[in-house]
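Now for the letters of each chain:
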Amino acid sequence: MSIPRSATWRIPLVLSGIAMAIGGSQHPEADAEDSLRDELATMTSSSTWVFSHTMIAIGTALLAVGLLIAHRSRTWPSTTRPALRVATIAMSLYVVETLFHLASVIDSDALADGGSAPVAFTHVGLALILYPISGFAFARVNAQLLRVVPLPVKVLGVLGVVGGLVHATSVPLTIVFPDAELSPMFAGAGMLFAVWAFGIGITGVGTTPQQTPRTATTVDSVAGTETSSAHPMPPAPPASGHA
């Protein structure tokens, strides 16, 4: 069975959801009472670090690809396209952070010994910027979807808004409250992203793209021309003259 070209954006999202769910389930845990350095040292030394973050990075990249295809194919409602464009850019930038996140394993020994850990702290710096940007952009595009999609898809839109907001605030709150146990925020946001990507990939957005004003005008003009052709005006009566 062939897949319509307008639905190709859904395939990367389904795969994204699966990859994110697998990666999130294998993410190592850390003790919130430790410092950020010690937490990173503990987690990067875990045997599951590389696998879990490889899957998360792949899932994030697939999410960005799916959003990009959806934007370029113009298959989402027209009112969502500006927010979709921003979300596509934001999630593409976030992919860079996930790669540094994965590569932090290089600094595992340095983190434990108190040495220089440039890759790990580059990841932290990028996360402090890109988590809020990508999270708020993701929440915004889902807020736009809520206005135009049918009820079943609205549930996924709500999950997307909540997941985006939790994702956006997780890293800043970790910096502000270093002793708080905030790891459930990261896990929760990741799983909400996974559920959203898989769900939207399966269901689609449940609506057809809205016509732009130019398209609507063209359609109306063609329809008017066809109507005129189908019902021609009667001929004018001959002019009467006086001899």
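Participant: Please clarify how the overall build of the protein should be interpreted in this entry.
Facilitator: Looking only at helices and strands, the protein has nine helices and zero strands in total. Start at the N end of the protein and walk to the C end: the helices and strands fall as α-α-α-α-α-α-α-α-α. Within the protein, the fraction of its 243 residues that count as buried is 38%. Within the protein, contacts between residues at least 6 apart in sequence are counted, and of these 76% link residues at least 24 apart. As presented, the protein carries roughly 13,000 Å² of accessible surface, and 68% of it is formed by carbon and sulfur atoms.

Participant: What am I meant to see in the environment of F186 here?
Facilitator: Structurally, F186 can be placed in helix α8 (residues 183–203). Residue F186 is classed as partly exposed on the basis of its relative accessible area of 32%. Expressed as a C-alpha distance, the spacing of F186 and V171, which sit 15 residues apart in the sequence, is 8.4 Å. Setting aside chain neighbours within four positions, we find F186 in contact with Y131, S170, V171 and T174.

Participant: Any chance you could explain the packing of aromatic side chains here in plain terms?
Facilitator: Each aromatic ring pair is characterised by the separation of its centres together with the angle its planes make. Tallied over the entire structure, the rule returns five aromatic pairs. Between Y131 and F186, the ring centres sit 6.2 Å apart and the planes meet at 65 degrees, which makes this aromatic pair edge-to-face. Of this pair, Y131 sits in helix α6 (residues 118–146) while F186 sits in helix α8; the two residues are 55 residues apart in sequence, bridging distant segments of the chain. Arranged with centres 4.4 Å apart and planes meeting at 25 degrees, the rings of F138 and F193 form a pair that is stacked. With F138 in helix α6 and F193 in helix α8, this pair connects stretches of sequence that are 55 residues apart. You'll find F138 and F193 in the same group, each marked buried.

Participant: Sorry if this is basic, but what is going on with the packing of α6 against helix α7 (residues 151–176) here?
Facilitator: For any two helices packed against each other, one specifies the crossing angle of their axes together with the interaxial distance. Interhelical geometry of α6 versus α7 gives an angle of 160 degrees and a closest axis separation of 8 Å. If you check the angle between α6 and α7, you find them roughly antiparallel. The hand of the α6/α7 crossing is left-handed. Each residue belonging to the contact of α6 with α7 can be placed in one class, and the counts come to 17 nonpolar, eight polar and one charged.

Participant: I tried to follow a nonpolar patch on the surface on my own but got confused; where do I start?
Facilitator: Residues L36, F121, L128, I129, I133, I175, V176 and F177 make up a contiguous nonpolar surface patch of roughly 700 Å² in combined accessible area. Looking at the nonpolar patch, the elements that each hand over two or more residues are α6 and α7. For the nonpolar patch, the element with the highest residue contribution is α6, accounting for four residues. With a relative accessible area of 54%, V176 lands in the exposed category.

Participant: Before we go on, may I ask you to explain α8 in this structure?
Facilitator: Residues three or four positions apart in an α-helix share a direction because the helix packs 3.6 residues into each turn. Between its terminal C-alpha atoms α8 stretches 30 Å, which fits the 30 Å expected from 21 residues at 1.5 Å a residue. When α8 is considered as a whole, its buried residues turn out to be M185, A189, F193, A194, W196, A197, G199, I200 and G201. Next to the buried residues of α8 lie α1 (10–25), α3 (49–73), α4 (81–103), α6 and α7. Two residues or fewer after α8 comes G204, characterised by a positive phi angle close to 75 degrees.

Participant: Got a minute to help me understand α7 in this structure?
Facilitator: Helix length check: α7, at 26 residues, gives a terminal C-alpha distance of 38 Å against a target of 38 Å (1.5 Å per residue), a fit within 8%. The largest bend in α7 is about 35 degrees, located at S170, with the proline P172 one to four residues further on. Within the sequence span of α7, burial applies to V153, L156, G157, G160, V161, G163, G164, H167, A168, S170 and V171. On the buried face of α7, the contacting elements are α4, α6 and α8.

Definitions and limits used
- Residues numbered from 1 in each chain as written.
- Predicted model: local features only at pLDDT ≥ 70, side-chain atom pairs only at ≥ 80, totals over all residues.
- Heavy atoms only, no water.
- Helix = DSSP H or I, 4+ residues; strand = E, 2+ residues; numbered from the N terminus.
- Buried < 20%, exposed > 50% of the residue type's maximum accessible area, 1.4 Å probe, protein only.
- Contact = heavy atoms within 4.5 Å.
- Areas by Shrake-Rupley, 256 points an atom, 1.4 Å probe, with all protein chains shown as cover.
- Phe/Tyr/Trp six-rings, centres within 6.5 Å; stacked < 30°, edge-to-face > 60°.
- Axes fitted to C-alpha atoms, helices over the stretch in contact; angles between N-to-C directions.
- Parallel < 35°, antiparallel > 145°, perpendicular 65-115°, else oblique.
- Left-handed = near helix turned anticlockwise from the far one by under 90°.
- Nonpolar A, V, L, I, M, F, W, Y, C, P; charged D, E, K, R; others polar.
- Patch = residues over 30% accessible without salt bridge, like charges linked within 9 Å, V, L, I, M, F, W, Y side chains within 5 Å.
- Salt bridge = Lys/Arg side-chain N within 4 Å of Asp/Glu carboxyl O.
- Expected span 1.5 Å × (residues − 1).
- Bend = angle between axes of the 7 residues up to and from the residue.

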